[in-house]
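Chains, contacts and geometry: an overview
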Amino acid sequence: MTDARQAETAPQGTDRRVRVGVIGLGWAGQQHVAAYAADPTVDLVAISAMEEHLLARFGDEHDVPGRYQDWQQMIAEAELDAVSIATPTFLHAPMAIAALDAGLHVISEKPMAENAESAARMVEAADRAGRVLDVSFNHRQRGDVTALRAVVESGVLGKLYYAKTGWIRRQGIPGLGTWFTKSESSGGGALMDIGIHMLDMALHLMGEPTVTAASASTHAEFGPLGRGGSGFGISQVEDGVPFEVEDLATAFLRLDGGGTLLLESSWAQWIPHDLCYVTLYGADGGATIEWGGDAGAQITVWTEVAGMPAELQPVVGADGRHAAAVANFLQKVRSEDWTGHNGALALRRATVIDACYASAKAGAEVVLEG
Ligand SMILES: NC(=O)c1ccc[n+]([C@@H]2O[C@H](COP(=O)([O-])OP(=O)(O)OC[C@H]3O[C@@H](n4cnc5c(N)ncnc54)[C@H](O)[C@@H]3O)[C@@H](O)[C@H]2O)c1
């Protein structure tokens, strides 16, 4: 894209229409397509994926004129302002960097990249291009998470000094025998895939403390035996793809200011049903959110009211999820402040995940720089 065209199409102001494309049409890409299709201020003009039938299905369903098996052709031809990247994780960095270099704003699926080095190159590209780089942490848009964040901000819990979080699936290895379970393409297993959502939510809820050190361990007791698989992921299963990543990871994270965060994530475990939780411990109160199995999202706060111990159950608002994550991205695209949104927070998450893997490999605590 030429400088003249960048200036001409650069969307600013709340009423500017935004021309968007989506790369990848698995479950994640379909959430972005649905979010854009439901937004009357957006023109979903192009989609890209390897699967011809999905290009036809979503192209027809949402009247999308541009349908590309070649994503580079889409970037070159579709005259986009912004693109969503929802492809296998190792493709996020090359696709995002190419799109940013072409003057597009980018929202990538989580995890940002297969490692922090690639994630850092994405941030550099965003800085170079002066465009928005966002990462879809859709779970922090859940109704219970936004409610708990409001509870924290009210100050009722006092100083937060400890938190525990986890996502443990009963049987949920995605794409056993696909890119998901190859370390080169996914960068890691349960921690990289679902643990990162819980890490993001916990740090967000705690007010973004810096992680100063990580001590972690990883295990693979299900995947190597072909156990624990699920129907998640549409990518082709290849015969003989080894299971190279962990199916359980647990980490002890030190936070600046002396706080502690415990994180566990597992794709498959001998438990009655999937379980997700974040529990916060503060000097003046505690709170937890939990979901899984048949139970809907629950939020409970323990504190004191009029000198008496009290248990509160705030009413949880609607879930935002991907639609809210995409709406936030569009808001940034329409703002005048593109350089303030360069993916730096998601890079910090990637750095913590890398430190956990390094710690698990070394069998020792890893101190994070700076
Ligand atoms: N935020 C969430 O809740 C969430 C949920 C699931 C997956 N994800 C993330 O989204 C990403 C995709 O996951 P998925 O489960 O949808 O994967 P998937 O394997 O089901 O689908 C991948 C899609 O990418 C496309 N693709 C692959 N190579 C391509 C190329 N060269 N050009 C164009 N398209 C290409 C495939 O054709 C397919 O449509 C991953 O990074 C994953 O971690 C996020």
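Structure: above.
The structure contained in this document is the topic of the report that follows. Everything numeric in this text was worked out from a predicted model, so none of it was measured. (Residues numbered from 1 in each chain as written. Predicted model: local features only at pLDDT ≥ 70, side-chain atom pairs only at ≥ 80, totals over all residues. Heavy atoms only, no water.)

**Digging into the overall build of the protein**
Looking only at helices and strands, one finds 11 helices and 15 strands in the protein. Scaling as 2.2 N^0.38, a compact globule of 370 residues should have a C-alpha radius of gyration of about 21 Å, and the protein matches this with 21 Å. Over its C-alpha atoms, taken along the principal directions, the protein stretches across nearly 60 × 50 × 40 Å. In the protein, which comprises 370 residues, the share counted as buried stands at 54%. Summarising the internal contacts of the protein: among those between residues at least 6 apart in sequence, 73% fall at separations of at least 24. Counting 26 positive and 47 negative side-chain charges, the protein places the averaged centre of each group 2 Å from the other. (Helix = DSSP H or I, 4+ residues; strand = E, 2+ residues; numbered from the N terminus. Rg over C-alpha atoms; globule rule 2.2 N^0.38 Å. Buried < 20%, exposed > 50% of the residue type's maximum accessible area, 1.4 Å probe, protein only. Contact = heavy atoms within 4.5 Å. Lys, Arg positive; Asp, Glu negative; His and termini not counted. Charge placed at Lys NZ, Arg CZ, Asp CG, Glu CD.)

**Here we look at the site of the ligand**
In the neighbourhood of the ligand, 30 residues make up the surrounding shell, with Glu51, Glu109, Asn138, Ile234 and Ser235 lying closest. With respect to the ligand, the backbone of Met50 contributes an N or O atom lying 2.9 Å from an oxygen atom. Protein contacts shield 91% of the accessible area of the ligand, which totals 850 Å² for the unbound molecule. A domain-level breakdown of the shell around the ligand finds at least three residues from each of domain 1 (3–139 + 324–341) and domain 2 (143–318). (Near = heavy atom within 4 Å. Polar contact = N/O pair within 3.5 Å; in protein donor to acceptor, adjacent residues only side chain to side chain. Areas by Shrake-Rupley, 256 points an atom, 1.4 Å probe, with all protein chains shown as cover. Domains from an automatic or database assignment.)

**Things to note about the sheet that holds strand 1 (residues 18–23)**
What links the strands of a sheet is backbone hydrogen bonding, and the strands pair in either a parallel or an antiparallel sense. Taken in spatial order, the six strands make up an open sheet running 3-2-1-4-5-6, and their pairing is parallel. In the strand order of this sheet, the two ends are held by strand 3 (66–68) and strand 6 (133–136), each with one partner. Shown here is a sheet whose adjacent strand axes are inclined to one another by a mean of 20°, direction ignored. Relative to strand 3, strand 2 (residues 42–48) runs parallel, the two sharing three bridges. Pairing of Ser48 across the sheet is with Tyr68, part of strand 3. (Pairing = 2+ DSSP bridges. Axes fitted to C-alpha atoms, helices over the stretch in contact; angles between N-to-C directions.)

**Points about the sheet that holds strand 13 (residues 295–305)**
Taken in spatial order, the nine strands of this open sheet run 14-13-12-11-7-10-9-8-15, and their pairing is mixed. Since the sheet does not close on itself, it has two edges, and those belong to strand 14 (308–312) and strand 15 (366–367), each with one partner. Where strand 12 (residues 286–292) and strand 13 come together, six bridges link them in antiparallel fashion. Bridged to Ile289 within strand 13 is Ile299. The strands touched by helix 11 (residues 344–362) are strand 8 (211–219), strand 9 (248–255) and strand 15; relative to strand 8, the strand with the most contacts, the crossing angle is about 55°.

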